[in-house]
Amino acid sequence: MPIPLERTKELYADAFGTNFDNDRGDYLKCLYDTCLDLNKPARVLEVGTYQGKSAFVMACALHGTGSHIICIDPIFIDGRIVCTDAHHAWSGYDSSVRDVLCRLSKHNLAQSVSLIPGFSEWCYDKWDGRMIDLLFVDGAHTTAQVALDCRWSKYVNVDGFALFDDWIR
């Protein structure tokens, strides 16, 4: 059974030390609501995970439904990446697969999430061809990278969704 939104907000605050509504709350609620609308069990692919905030919210919405979230991010390779995305280059990208898994595990959400270290294009070339119900692209925010990530949309089921976060020209 999905974790109710109000409880998700409480868990989010505990996991990330910040208020859900003040931390791009409309954006996070959109992800939550989209996951509620998916046929269950759902298969979700997130391209670009960073700290796991979106994955956390989606895992709450899909909790107990037998759904699975696959998160791809090069940050998981060694916890740091030289970012070629001018919009985010300042951030330093200090994160790791361990940090994301700890947040998910603490709130019994890790069992429905797989974290794959790598760049989107590496993983695309090795994809098993299985269809997905939700594609969420939030990787590097350059037009060139978003164009590459759009290739994933061929794996979205007819009644599925593809959501894209911001990108910079």
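The rules behind these values
Residues numbered from 1 in each chain as written. Predicted model: local features only at pLDDT ≥ 70, side-chain atom pairs only at ≥ 80, totals over all residues. Heavy atoms only, no water. Phe/Tyr/Trp six-rings, centres within 6.5 Å; stacked < 30°, edge-to-face > 60°. Helix = DSSP H or I, 4+ residues; strand = E, 2+ residues; numbered from the N terminus. Buried < 20%, exposed > 50% of the residue type's maximum accessible area, 1.4 Å probe, protein only. Lys, Arg positive; Asp, Glu negative; His and termini not counted. Salt bridge = Lys/Arg side-chain N within 4 Å of Asp/Glu carboxyl O. Polar contact = N/O pair within 3.5 Å; in protein donor to acceptor, adjacent residues only side chain to side chain. Contact = heavy atoms within 4.5 Å. Pairing = 2+ DSSP bridges. Axes fitted to C-alpha atoms, helices over the stretch in contact; angles between N-to-C directions. Parallel < 35°, antiparallel > 145°, perpendicular 65-115°, else oblique. Left-handed = near helix turned anticlockwise from the far one by under 90°. Nonpolar A, V, L, I, M, F, W, Y, C, P; charged D, E, K, R; others polar. Core = buried A, V, L, I, M, F, W, Y, C linked by side-chain atoms within 4.5 Å. pLDDT = per-residue confidence, 0-100.

### Describing the packing of aromatic side chains
Right, on to step 1. Tallied over the entire structure, the rule returns eleven aromatic pairs.
Right, on to step 2. Ring geometry for tyrosine 12 and phenylalanine 16: centres 4.8 Å apart, planes at 45°, overall tilted. Residue tyrosine 12 and its partner phenylalanine 16 are located together in helix α1 (residues 5–16), separated by four residues, close to a single helical turn.
Right, on to step 3. Taking relative accessible area as the criterion, phenylalanine 16 reaches 15% and is therefore assigned buried.
Right, on to step 4. Where tyrosine 12 meets phenylalanine 20, the ring centres are 5.4 Å apart and the plane angle is 80°; that geometry is what we call edge-to-face. You'll find tyrosine 12 and phenylalanine 20 in the same group, each marked buried.
Right, on to step 5. Each member of the aromatic cluster is reached from another via a ring pair, and the members are Tyr12, Phe16, Phe20 and Phe56.

### Points about the side chain of aspartate 138
Right, on to step 1. Structurally, the position occupied by aspartate 138 is in the loop between β4 (132–137) and α7 (143–149).
Right, on to step 2. Of the side chains bearing the opposite charge, arginine 24 lies closest to the buried aspartate 138, which forms no salt bridge; the N-O distance is 5.1 Å.
Right, on to step 3. At 3.0 Å, the side chain of aspartate 138 forms a polar contact with the side chain of tyrosine 27.
Right, on to step 4. For aspartate 138, the residues in contact, after removing those within four places along its chain, are Tyr27, Val47, Gly48, Ser54 and Asp165.

### Topic: the sheet that holds strand β2 (residues 68–73)
Right, on to step 1. Spatially, the five strands line up as an open sheet ordered β3-β2-β1-β4-β5, and their pairing is parallel. Edge strands, defined here as strands with exactly one partner in the open sheet, are β3 (113–117) and β5 (156–164). Averaged over all neighbouring strand pairs, the angle between strand axes comes to 15°, with direction disregarded.
Right, on to step 2. Pairing of β2 with β3, which is carried by five bridges, proceeds in the parallel orientation. Bridge pairing in β3 places isoleucine 72 opposite isoleucine 116.
Right, on to step 3. Along the sheet face, helix α2 (residues 25–37) touches β4 and β5 and points at about 170° away from the line of β4.

### Thoughts on the packing of α1 against helix α3 (residues 53–62)
Right, on to step 1. Between α1 and α3, whose axes approach to 10 Å, the crossing angle comes to 150°. By the criterion of interaxial angle, the relationship of α1 to α3 is roughly antiparallel. As α1 runs across α3, the sense of the crossing is right-handed. Each of Thr8, Leu11, Tyr12, Ala15 and Phe16 in α1 lies in contact with α3, whose residues at this interface are Lys53, Phe56, Val57 and Cys60.
Right, on to step 2. Classifying every residue of the contact of α1 with α3 gives seven nonpolar, one polar and one charged.

### Considering the nonpolar core
Right, on to step 1. Counting residues in hydrophobic clusters, the biggest one holds 33 residues, and the most contacted among them are Phe56, Met58 and Ile69.
Right, on to step 2. Mapped onto this core, the elements with two or more residues apiece are α1, α2, α3, β2, α5 (97–106), β3 and β4.
Right, on to step 3. Sorting elements by how many residues they give to this core places α3 first, with eight residues.
Right, on to step 4. With residues near it in sequence (within four places) discarded, isoleucine 69 still touches Val44, Ala55, Met58, Ala59, Leu62, Ser112, Val113 and Ser114.

### A few points about the confidence of the model for the protein
Residues shown with low pLDDT carry predicted positions that ought not to be read at fine detail.
Right, on to step 1. The predicted model of the protein averages 85 in pLDDT, with 82% of residues at 70 or higher.
Right, on to step 2. Every residue in residues 81–93 is under pLDDT 50, and counting partners more than four places away or in other chains gives 23 contacts.

### What to know about the pattern of salt bridges
For side chains bearing opposite charge, pairing can occur when the charged atoms are close.
Right, on to step 1. Taken as a whole and judged by the stated rule, the model has eight salt bridges.
Right, on to step 2. Among the ionic pairs, glutamate 10 bridges to arginine 7, the shortest N-O distance being 2.9 Å. On the criterion of helical spacing, the pair formed by glutamate 10 and arginine 7 is a turn pair, its members being three residues apart in helix α1.
Right, on to step 3. Assessed through its relative accessible area of 48%, glutamate 10 is described here as partly exposed.
Right, on to step 4. Residue aspartate 23 is joined to lysine 53 by a salt bridge in which the shortest nitrogen-to-oxygen separation is 2.8 Å. Note that aspartate 23 is positioned in the loop between α1 and α2 and lysine 53 in helix α3, a separation of 30 residues in sequence.
Right, on to step 5. Judged by relative accessible area, which is 22%, lysine 53 ranks as partly exposed.
Right, on to step 6. Among the charged side chains, a salt-bridge network with shared partners connects Glu6, Lys9 and Asp21.

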